[in-house]
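This is what each chain is made of:
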Amino acid sequence: MNHNNRFPATDMPAWLVLALVALGIPRTVLADLDVVPPESGLLYYCLALIPFAVWLVVAIRRRSRRPLADFLMVGGLYGVSLAIVHQLMWTDGLALRHLGIAMLIGLGTGLIVGLVALAANLWRSKRAVQR
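Residues numbered from 1 in each chain as written. Predicted model: local features only at pLDDT ≥ 70, side-chain atom pairs only at ≥ 80, totals over all residues. Heavy atoms only, no water.

Draft legend 1. Layout of the layout of surface pockets. Approximately 230 Å³ is the volume found for the largest pocket. Lining the largest pocket are 14 residues, and of these Arg 27, Tyr 78, Leu 82, His 86 and Ile 105 sit closest to its centre. Those elements giving two or more residues to the lining of the largest pocket turn out to be α2 (25–32), α3 (42–61), α4 (67–89) and α5 (99–130). A class-by-class count of the residues in the lining of the largest pocket yields ten nonpolar, two polar and two charged. (1 Å grid on protein atoms, 1.4 Å probe; cavity = no way out; pocket = protein on both sides within 12 Å on 5 of 7 lines; lining within 4 Å. Points joined across faces, edges and corners; volume = space filled by probe spheres on them. Helix = DSSP H or I, 4+ residues; strand = E, 2+ residues; numbered from the N terminus. Nonpolar A, V, L, I, M, F, W, Y, C, P; charged D, E, K, R; others polar.)

Structure follows, in structure tokens:
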């Protein structure tokens with residue numbers, strides 16, 4: 001891997017970090033526009049859950065020297081993206097009041113997926129030693 005293309009403080013290429021963050025933006029935009037209202041059905045749940053399923057697939061399949069840092073960064077950036085989208089879409093100007101909640105959602109999700117990635121890395125290492 002070319003280390004010059006890594007996203008800062010991660011072991012992931014910048015394109016991958018940004019792609020993982022971008023996966024969650026359509027649900028946020030469509031929900032804020034009330035095109036796909038929260039908890040409105042299958043489409044909403046697909047838009048809400050598929051991005052995190054992709055995060056988990058990447059966490060399990062990808063080797064990393066810093067799996068927890070990788071997904072804390074992805075989660076933090078996802079939280080920032082939530083806050084930015086809400087600020088742009090909400091007309092009442094109160095979106096910044098929800099920055100803390102957006103960051104908790106992003107970092108909490110990043111932490112959980114990062115722990116899965118860490119466990120997957122440990123499992124792969126243990127398996128390689130046993131061979």
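Draft legend 2. Structural view of the side chain of Ser 64. On the secondary structure map, Ser 64 appears in the loop between α3 and α4. One polar contact links the side chain of Ser 64 to the main-chain amide nitrogen of Arg 66, over a distance of 3.0 Å. Not counting residues up to four positions away in its chain, the partners in contact with Ser 64 are Asp 11, Asp 70 and Asn 121. (Polar contact = N/O pair within 3.5 Å; in protein donor to acceptor, adjacent residues only side chain to side chain. Contact = heavy atoms within 4.5 Å.)

Draft legend 3. Region of interest: the packing of α3 against α5. The geometry of α3 relative to α5 is characterised by a closest axis approach of 7 Å and an angle of 25° between their N-to-C directions. With respect to α5, the axis of α3 lies roughly parallel. In this structure, α3 meets α5 at a crossing whose hand is right-handed. Side by side, α3 and α5 meet where Phe 52, Trp 55, Leu 56, Ala 59, Ile 60 and Arg 61 of the first sit next to Thr 109, Gly 110, Val 113, Val 116, Ala 117, Ala 120 and Arg 124 of the second. Here the residues of the contact of α3 with α5 are counted per class, giving nine nonpolar, two polar and two charged. (Axes fitted to C-alpha atoms, helices over the stretch in contact; angles between N-to-C directions. Parallel < 35°, antiparallel > 145°, perpendicular 65-115°, else oblique. Left-handed = near helix turned anticlockwise from the far one by under 90°.)

Draft legend 4. Examining α2 more closely. All of the buried residues along α2 are Arg 27, Thr 28 and Ala 31. Down the axis of α2, the buried side of the element spans an arc of 100°, and every buried residue falls inside it. In this fold, the buried residues of α2 make contact with α3 and α4. In the segment just after α2, Asp 34 is the residue with positive phi, at about 65°. (Buried < 20%, exposed > 50% of the residue type's maximum accessible area, 1.4 Å probe, protein only. Arc of directions from axis to C-beta.)

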